[in-house]
Amino acid sequence: MKQKNVIQVKNLTKKFGDFTAVNNITFEVKQGEIFGFLGANGAGKTTAMKMLIGISKPTSGEANVADFDVFTNPEDIKKNIGYMSQKFALYDDLTVKENITFFGGIYGLSKSIIKQKSEVLINELGLQEVANELVGSLPLGWKQKIAFSVALLHNPKVVFLDEPTGGVDPITRRQFWEMIYKNAHNGTTIFVTTHYMDEAEYCDRVSIMVDGKIEALDTPKNLKKQFNVENMNDVFLKLARG
Amino acid sequence: MKRFIGFITKEFYHIFRDTRSLFILFGMPIAQVMLFGFAITNEINNVNIAVLDKSKDATTQEIINKITASTYFSNKQFITNEAEIESAFKKGNIKAVLVFEKDFSEKLIKENKATVQIITDATDPNTANTVNNYVSSILQKYQQETNKNIKPIYQIVPQSRMIYNPELKSVFMFVPGVMTIILMLVSAMMTSISITREKELGTMEILLVSPIKPFQVIIGKVVPYIFLSIINAIVIVLLSIFIFKMPVQGSLFLLAAQSILFIINALSLGILISTISETQQTAMMVSLMGLMLPVILLSGFIFPISSMPVPLQIISHVIPAKWFIIILKGIMLKGVGITILWKETLILVAMTVFFIVLSIKKYKIRLE
């Protein structure tokens, strides 16, 4: 079960004119794996991720996500992935329930499934009291959890999380990672970018991008051994400073 | 289709939960029509005049009565010497002073000629001009009446008839203009703001990553505004018919069809604006500066295009509002049909297609 590759990338490159944002990257992510995608700002993380979620066409190379090719079937990829951005983008002027209904709807879920799922979701997150309140009135940590649950509404094979814990306090971050673990355990693959090195330690495997290239890819434990340092922060600094 | 309905429902939540956009959508059109209809007018009514009558005889009295009997003027005061003229104007409530020369009747009989001086306050040139014309025509009429028995050697009689708006009501000129402005504002500004808002909030990204297609997102955003703009157009037409007695001489169906065409034109402009602006603020500024000002100044709404300098006349051709105002005036006042208005209609259609194609191109470039 754990052997199947959900994301497969080979020599993937993206150029904007003369500038090579993503330079010949190769990696794969297995089902149920939590894959950390690290890199300094401008290293090419976002560009690489955009190609994998089907909103940006690669210049060359190969990439498969959830068994679909990014060149030929980006629309099928979209149906099988979830995405959550650093802005926890929900609609502030819609209630929790209305947000769930809307996002369920655009993924083509039927009314009865949406109803059933939103009940489960509201109960699990303990949102019974605020289910009919506008999302704008809720604290950031709650928005983050709702956004994550909404991204999982259609049972995607892979969830892409783009800096999902920005601006959130440490306790909420901890709870959030527990949610991630739970879902990975259930077989959902998690592809996460982050700037927090303690979070990198939580990942099964971590890749670090520098100037458009993947300079390191292994488990946090092996990476620390390879670079002969105490923690991931030092691994990152060693790589990023060259 | 189900996705689509969900999308539109969500859009209506946005609109109805935001008091500011509700006000722009429904409060402003009514306020604007009322303002332009009642407050802004080129007609004169009850203009205060003063009279300096140096002869005080039967003829001058008769002329004064004739002038003040009309609804255009009311005689505010009699003044007794020339020095008072200036102070009467300076106080501000007097717009014109009539000065009858000494021995008016006598001169008229003996010399066949007497003068009355019309002094007008030209700080407001339009009013001054109109007052001057009105007084002159009253004097001329009086002259004709008294000369009835005398046969002139020959006479040229101008017979003027003002057609399509015989009472020269300025509201007839403003209604098409206001309707154009409001449809432009609601359709273009509101859609561009609502699309850029999704960009700002980051929800646009989520939508693009979802299976819903970009053009479905845009159509979903636009449909509610088409609907609301149509309601707006109906409200404006009803207001102008029932409150300002504006006629609709032509076909109501054609009026509706043309309005929808213009709404779609404005919406496509709104989409175009949203593809070039990143924030709501930019979208609003671009809409206001790029659309509102040209619509007000260059569409022929207030200032006649034919009296503009040639470069401005050329620019006015590319402003959709100009063509829509011609169409509106044609249908509402002249009662003409598509056989006459096909050229303007075709221009609007072409512009709409152009804007849509351009936005699709821009949108694609952004996605790359």
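All figures in this text were calculated on a predicted structure; none of them were measured in a lab. (Residues numbered from 1 in each chain as written. Chains lettered and ligands numbered in written order. Predicted model: local features only at pLDDT ≥ 70, side-chain atom pairs only at ≥ 80, totals over all residues.)

Chemist: Mind laying out the overall build of chain A, listing which residues take part and the relevant values?
Modeler: Within chain A, the secondary structure is distributed over 9 helices and 10 strands. Against the globule reference of 18 Å for 242 residues, chain A gives a C-alpha radius of gyration of 18 Å, in line with a compact fold. Its C-alpha atoms give chain A principal-axis dimensions of about 50 × 40 × 40 Å. Counting across all 242 residues of chain A, residues that qualify as buried make up 43%. (Helix = DSSP H or I, 4+ residues; strand = E, 2+ residues; numbered from the N terminus. Rg over C-alpha atoms; globule rule 2.2 N^0.38 Å. Buried ≥ 20, exposed ≤ 12 C-beta atoms within 10 Å, placed from the backbone.)

Chemist: Outline the interface of chain B and chain A, listing residues and values.
Modeler: Interface size is commonly expressed as the accessible surface area that is lost when the partners come together. Listed as interface residues are 21 residues of chain B and, on the opposing side, 20 residues of chain A. Secondary-structure elements contributing two or more residues to the side of chain B that touches chain A are helix 1 (2-16) and helix 8 (203-209) of chain B. Top element by residues in the side of chain B that touches chain A is helix 1 of chain B. It accounts for 7 residues. Grouping the constituent residues of the side of chain B that touches chain A by class yields 9 nonpolar, 5 polar and 7 charged. (Contact = placed C-beta atoms within 7 Å. Nonpolar A, V, L, I, M, F, W, Y, C, P; charged D, E, K, R; others polar.)

Chemist: Residues and numbers for the domain arrangement of chain B, please.
Modeler: Domain boundaries in chain B define domain 1 (10-40 + 169-367) and domain 2 (47-146). Distance from the C-alpha centre of domain 1 of chain B to the C-alpha centre of domain 2 of chain B: 48 Å. (Domains from an automatic or database assignment.)

Chemist: Would you mind going over the confidence of the model for chain B in detail, with residue names and values included?
Modeler: Chain-level statistics for chain B give a pLDDT mean of 86 and a share of 97% at 70 or above. The ipTM, which scores confidence in the relative placement of chains, is 0.88 for this predicted complex, and the corresponding pTM is 0.80. (pLDDT = per-residue confidence, 0-100.)

Chemist: If you had to explain the packing of helix 8 (residues 220-227) of chain A against helix 9 (residues 232-240) of chain A to someone new, which residues and values would you point to?
Modeler: All names here are of chain A. Their axes nearest at 9 Å, the elements helix 8 and helix 9 cross at an angle of 55°. Of the possible angle classes, the one that applies to helix 8 and helix 9 is oblique. Relative to helix 9, the crossing made by helix 8 is left-handed. Mapping the contact onto sequence places P220, L223, K224 and F227 in helix 8 and M232, V235 and K238 in helix 9. Looking at side-chain class alone, the contact of helix 8 with helix 9 contains 5 nonpolar, no polar and 2 charged residues. (Axes fitted to C-alpha atoms, helices over the stretch in contact; angles between N-to-C directions. Parallel < 35°, antiparallel > 145°, perpendicular 65-115°, else oblique. Left-handed = near helix turned anticlockwise from the far one by under 90°.)

Chemist: Which residues make up the pairing of strand 3 (residues 96-100) of chain B, and what values go with them?
Modeler: All names here are of chain B. Taken across its 5 residues, strand 3 has 4 buried, putting it largely inside the fold. Sheet topology places strand 1 (residues 47-53) next to strand 3; 5 bridges connect them, and they run parallel. Paired with D53 across the bridge in strand 3 is F100. With 5 bridges joining them, strand 3 and strand 4 (residues 116-120) adopt antiparallel strand pairing. Bridging from a neighbouring strand, A96 pairs with T120 of strand 4. (Pairing = 2+ DSSP bridges.)

Chemist: Just give me the short version of the pairing of strand 1 (residues 5-16) of chain A, but keep the residues and values in it.
Modeler: Residue and element names in this part refer to chain A. Examined bridge by bridge, strand 1 and strand 2 (residues 19-30) share 8 bridges and lie antiparallel to one another. Considered in strand 2, the bridge of K14 is made with V22. Where strand 1 and strand 4 (residues 60-65) come together, 5 bridges link them in antiparallel fashion. Pairing of T13 across the sheet is with S60, part of strand 4.

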